[in-house]
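Read off the chains here:
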Amino acid sequence: ILGDIIKEAKMANSIVVEVLEFVRPIQLQVERAPLDEVMKDSITLAEGKMRRGAVSINTTIEPDVPELLADPHQLRQLFSNLLANAFEALGGEGHVDIKVWLLPGEEEPVGAADPQPPQVVVEVRDSGPGIAPDDLERIFSPFFSTKPQGTGLGLAIVRKVVDAHDGHIDAV
């Protein structure tokens, strides 16, 4: 019985922590953030959240990708949430590919718009079963979850961090 109580208390604590992370306004602490270090740390954090098992991870960062001016702590949280979801979806077997490249900006503005600056693109793809088409539009919504024990806040926090960095996120 004591083991069950401890297990339930840990689950309740993790729910409270996720809710607090979601409702708390993000105050970015912007600094130079080398993505290779952020990714290594994120993998370690994700392994602490969800058992990785035999999941292999391949990370490719193109050499022209500069250090980001971003909040490295928030980026670690973002990528560790994505990776923990991938580990869970894979059930201990499969692989995750992380690819990072620089999308060049526009030299000349199109129409009356300002020229688009260069953008760093991060793609996280796993070999899991994928997301049901009906769920694609809702997966970043707060409290939406397809998991019996899910709070529905992990990907909502991911979206919040991306938005705070003036980024964009899609699921396909």
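Residues numbered from 1 in each chain as written. Predicted model: local features only at pLDDT ≥ 70, side-chain atom pairs only at ≥ 80, totals over all residues. Heavy atoms only, no water.

1. A few points about the confidence of the model for the protein
For the protein, the average pLDDT comes to 87, and 95% of its residues sit at 70 or higher. Across the protein, the secondary-structure element scoring lowest on mean pLDDT is helix 1 (residues 2-23), at 75, and the one scoring highest is strand 4 (residues 95-103), at 96. (pLDDT = per-residue confidence, 0-100. Helix = DSSP H or I, 4+ residues; strand = E, 2+ residues; numbered from the N terminus.)

2. What about the packing of helix 2 (residues 35-49) against helix 3 (residues 72-90)?
The interhelical angle for the contact between helix 2 and helix 3, taken along N-to-C directions, is 50 degrees, at an axis separation of 7 Å. In terms of axis orientation, helix 2 runs oblique to helix 3. For helix 2 against helix 3, the interelement crossing comes out right-handed. Where helix 2 approaches helix 3, its residues Leu35, Val38, Met39, Asp41, Ser42, Ile43, Leu45, Ala46, Glu47 and Lys49 are matched on the opposing element by Pro72, Leu75, Arg76, Gln77, Phe79, Ser80, Asn81, Leu83, Ala84 and Phe87. For the contact of helix 2 with helix 3, the residue count by class is 12 nonpolar, four polar and four charged. (Axes fitted to C-alpha atoms, helices over the stretch in contact; angles between N-to-C directions. Parallel < 35°, antiparallel > 145°, perpendicular 65-115°, else oblique. Left-handed = near helix turned anticlockwise from the far one by under 90°. Contact = heavy atoms within 4.5 Å. Nonpolar A, V, L, I, M, F, W, Y, C, P; charged D, E, K, R; others polar.)

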